[in-house]
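Inside the fold
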Amino acid sequence: QVQLVESGGGLVQPGGSLRLSCVASGSIFSINAMGWYRQAPGKQRELVASITSGGRKASADSVQGRVTISRDNVKKTVTLQMNSLKPEDTAVYYCAADSGLNDRLFPRDYWGQGTQVTVSS
């Protein structure tokens, strides 16, 4: 079994910051892209940001300039630093990863259980 363990979600005031972390563990031969999706109530799931093992990145227009994604290829960990948070950032955030057989910026082979991020005053 492959597991993605997420941490860092919570309640934050508008303008605040939050750091989400995700580590892959279990029966993993290799992984390529890792990233974060989010799904707000009544909306479809969307990619927030992702990064491949080679350093290629993708991010949503709605978070440009406010989000930094990084990873540790040895620990198979991805971190999402979110700054200047807005109420519209409120959503369940899901960590995702791809096996090493794939080379894409929309990882979807493995999924975490999700962590709630709420931005409210």
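Structure report, in brief. The model shown is predicted, which means the values in this text are computed figures rather than measured ones.

Quick look at the overall build of the chain
- When helices and strands are tallied, the chain shows zero helices and eleven strands.
- Secondary structure elements in the chain, listed N-terminal to C-terminal, are β-β-β-β-β-β-β-β-β-β-β.
- Whereas a compact globule of 121 residues would reach a radius of gyration of roughly 14 Å, the chain reaches 13 Å, a difference of no more than 12%.
- With the C-alpha coordinates aligned to their principal axes, the bounding extent of the chain is approximately 45 × 25 × 25 Å.
- Residue burial in the chain is summarised as follows: out of 121 residues, 45% are buried.
- Considering only residue pairs separated by 6 or more positions, the chain has 58% of its internal contacts joining residues 24 or more positions apart.

Overview of unusual backbone geometry
- The phi torsion at Lys76 lies on the positive side, around 55°, for a residue other than glycine.
- Along the chain, Lys76 turns up in the loop between strand S7 (67-72) and strand S8 (77-82).

Some remarks on the packing of aromatic side chains
- Taken as a whole, this structure holds one aromatic pair when the rule is applied.
- Note on Tyr37 and Trp111: the rings are 4.8 Å apart at their centroids and 45° apart in plane angle, and the pair reads as tilted. With Tyr37 in strand S4 (residues 31-39) and Trp111 in strand S10 (residues 110-111), this residue pair connects regions lying 74 residues apart in the sequence.
- The ring of Trp111 has Arg45 sitting right over it, with the charged end atom 4.9 Å from the ring centre.

Things to note about the pairing of strand S11 (residues 115-119)
- Only one face of S11 is covered, namely the face carrying Thr115, Val117 and Val119; the face carrying Gln116 and Thr118 is uncovered.
- In the sheet, strand S2 (residues 10-12) pairs with S11 via three bridges, with the strands oriented parallel. Counterpart to Val12 in the pairing with S11 is Val119.
- In the sheet, strand S9 (residues 91-99) pairs with S11 via three bridges, with the strands oriented antiparallel. Within S11, the position partnered with Ala91 by the bridge is Val117.

Brief notes about the state of the cysteines
- Counted under the stated rule, the structure contains one disulfide.
- Between Cys22 and Cys95 runs a disulfide, and the two sulfur atoms are separated by 2.0 Å. Linking Cys22 and Cys95, the disulfide has an S-S dihedral of approximately -85° and is accordingly described as left-handed. Taken together, the residues span a long stretch of sequence, with Cys22 in strand S3 (residues 18-26) and Cys95 in strand S9 at a distance of 73 residues.
- Using a relative accessible area of 1% as the deciding quantity, one classes Cys22 as buried.
- By relative accessible area, which is 0% here, Cys95 ends up buried.

What counts and what doesn't
Residues numbered from 1 in each chain as written. Predicted model: local features only at pLDDT ≥ 70, side-chain atom pairs only at ≥ 80, totals over all residues. Heavy atoms only, no water. Helix = DSSP H or I, 4+ residues; strand = E, 2+ residues; numbered from the N terminus. Rg over C-alpha atoms; globule rule 2.2 N^0.38 Å. Buried < 20%, exposed > 50% of the residue type's maximum accessible area, 1.4 Å probe, protein only. Contact = heavy atoms within 4.5 Å. Phe/Tyr/Trp six-rings, centres within 6.5 Å; stacked < 30°, edge-to-face > 60°. Lys NZ or Arg CZ within 6 Å of the ring centre and 35° of its normal. Pairing = 2+ DSSP bridges. Disulfide = S-S within 2.5 Å.

The analysis is restricted to geometry; functional conclusions fall outside its scope.
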